[in-house]
Structure formats: C-alpha cells, structure tokens
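Single-letter residue listing:
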Amino acid sequence: IKRNVMSKYPFMLIMCMFIAQSVFAQSYSKYFRLANQDTVNFTFTVKKPDIKAIDCYPQRITQISKNGDNYEISLTTINPYLDGSKLAKMKEAKYDKSREYDREIARFLQSTPLIDAQNEHVRQIADTLFKDETQTFIIIEKALKFVYTYLSPSDSIAKQIDAGICRTVDVNTVIQTRKGTCSEYTNVFTALMRYMNIPTRFAVGYCYVPEWKAESTHAWPECYIEGAGWCSVDPTFPSYISPHFGMVRMRYGIDYEDCDIKTLNYDIEPIEFTKR
C-alpha cells in the first residue's frame, strides 16, 4: 500500500485526538483487540533509516534489504504492556534524585535550548507536583497526566511546522502559552523528567492505524527506569500508553534537533507502509 498522501500536518494532534475520541465514543472492543496484541508486524520502505533507533526494544528488525536508494524493512513490535516482568520492574523502581547513570544513558539528562530542564517554570511545576514521591513510575504517571491536561492542541503551530516556518517550540514558550503539538507535549514532559533525574529521550516515528484511518508523523518520550530499561509513554494520549500496535520509532535523540531530521517527509515518513 502506498503512503497516503492525504492532507495532514506533521506532528499534529489530530490523529491523537481522533484515536482518543474513538476509544471513548465507540465500542471498547476494537481498541482492546489492538492494544492486547502480543506482536504487530510492519513492512515499510524508507530513504534514510536509523538502524539503531528502529532496531530497539520493543521493536526488532526481522529483515532489511536495499532497493536502489531505498531500504525495505520488515519489523516486529512486541506489546511492552503485556510484559509482566518489565511492568513489575517499572512499578517497583525506587526514585533516587542522586542516582548516577552510565554515559550513554546520562546524556538524556542534558538541558538544551529546546528542552531546558532547569527552566524556572519547570522547577516550580516539578517541585510542587512530585513533592515527597518515592516511586519513579508514580512521578512519570503524574507528569503524563499534568502535561496532557495542562496543554491544548495548537493548529497554528502544526501549520507552521508543516510550512517549515518552525520545527518545534521551546519549553519556556510552551509552558507560558499552554499550546502545542505532540512534539511540544514531549518537550515539556521530558524537561520535567530530566529535572527529576529520570533520563528521557525524544522519539520520533510514524503512526499508522488504518482501523481508525489515522496516519501521521508523531513524537513521544521514552523514560529510562532503573531495572526496567527504556519505557515508551505518551502525554498526548488520555491513556498515556504509547500505541505499539500502530507506532514505529524512526529516530531518537536528546531533543528534536539531535534526531538529525532534515525534513519529516525525507527522514521519517515511509514511502510505502503496511501492517500485518
């Protein structure tokens, strides 16, 4: 199946809102059937794959071949939310503000111009929201709920991104305007986590849920929890659960700029995409 060339804004929340409405307005059966799949298989063609990001839990490349200037990739994604051992480790992890991490993980604690973890607004929110919490996962859940309810979707920012006027908006601006797309939701959540000494990376990928006629580029955060590893979450969804059944990670980095995306069309959107 060819990539749908319908009009859509990159990093727009229309897809997320549509899924949320589908979950609550329609029968739960379709959502739970998708959400409870053990594995989902994707086949797609891309121009410039980041193998390290694509072949990374819960995703696994099963086949890759080069066809001219493009790469054809077969991918299996497991459902991390049915992984009982991982979930238990996530929920049991004790929070430690002074915990030290190895260099590769610790780099996802850095502040950047887009994600300033030491911003005054970030500090005020975190110091109030997470006071006296002792469980890492409780902090993550509180941050997800806060960002989802504090921010509202912004059609104007989505149009600016689509037109190439901007790539994403910095945390300080987003907190004050309370508007954004999925990338701005991710920026704010990531800043809160890094302030709390929870390594969090900025993931960018492609969302494809034909059951809901939804497809778009998307951004979401992935937190590192000691003992459990990297865990994908999503502050743009009311359930906060990153939908493994329709999501493929293409890049990750410290922030959007670190993902080395020249254009979403070239680096993130697949030329062809199927789900089995």
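Cut-offs and rules
- Residues numbered from 1 in each chain as written.
- Predicted model: local features only at pLDDT ≥ 70, side-chain atom pairs only at ≥ 80, totals over all residues.
- Heavy atoms only, no water.
- Helix = DSSP H or I, 4+ residues; strand = E, 2+ residues; numbered from the N terminus.
- Expected span 1.5 Å × (residues − 1).
- Contact = heavy atoms within 4.5 Å.
- Core = buried A, V, L, I, M, F, W, Y, C linked by side-chain atoms within 4.5 Å.
- Buried < 20%, exposed > 50% of the residue type's maximum accessible area, 1.4 Å probe, protein only.
- Salt bridge = Lys/Arg side-chain N within 4 Å of Asp/Glu carboxyl O.

**Q** Describe helix H7 (residues 136-150), and please don't skip the residues or the numbers.
**A** Given a rise of 1.5 Å per residue, 15 residues ought to cover 21 Å, and the 21 Å separating the end C-alpha atoms of H7 matches this to within 8%. Against the buried residues of H7 lie helix H4 (84-92), helix H6 (120-129), strand S4 (152-153), helix H9 (171-177), helix H10 (182-195) and strand S7 (214-225).

**Q** How would you summarise the nonpolar core if you had to cite specific residues and measurements?
**A** Formed by 67 residues in total, the largest nonpolar core has its most connected members in Phe44, Ile140, Phe189, Leu192 and Met193. Excluding residues that lie within four positions of it along the chain, Leu192 makes contacts with Val122, Ile125, Ala126, Phe130, Ala143, Phe146 and Val147. Grouped together as the second largest cluster of nonpolar side chains are twelve residues, Ala53, Ile105, Phe108 and Cys207 included.

**Q** I'd like a description of the pattern of salt bridges, backed by residues and values.
**A** Pairing is possible between side chains of opposite charge, provided their charged atoms come close. All chains considered together, the criterion is met by ten salt bridges. For Glu257, the salt bridge goes to Arg167, with nearest N and O atoms at 3.0 Å. Residue Glu257 is located in the loop between strand S9 (247-253) and helix H11 (264-267), and its partner Arg167 is located in the loop between helix H8 (155-163) and H9; the two are separated by 90 residues in the primary sequence. Given a relative accessible area of 28%, Arg167 falls into the partly exposed group. For Arg201, the salt bridge identified is with Glu222, shortest N-O distance 2.7 Å. Remark: Glu222 occurs in strand S7 and Arg201 occurs in strand S6 (residues 200-209); sequence separation between them is 21 residues. Just as Arg201 is buried, Glu222 falls in that class too. Via salt bridges that share partners, Lys52, Glu104, Arg107 and Asp258 belong to a single interconnected network.

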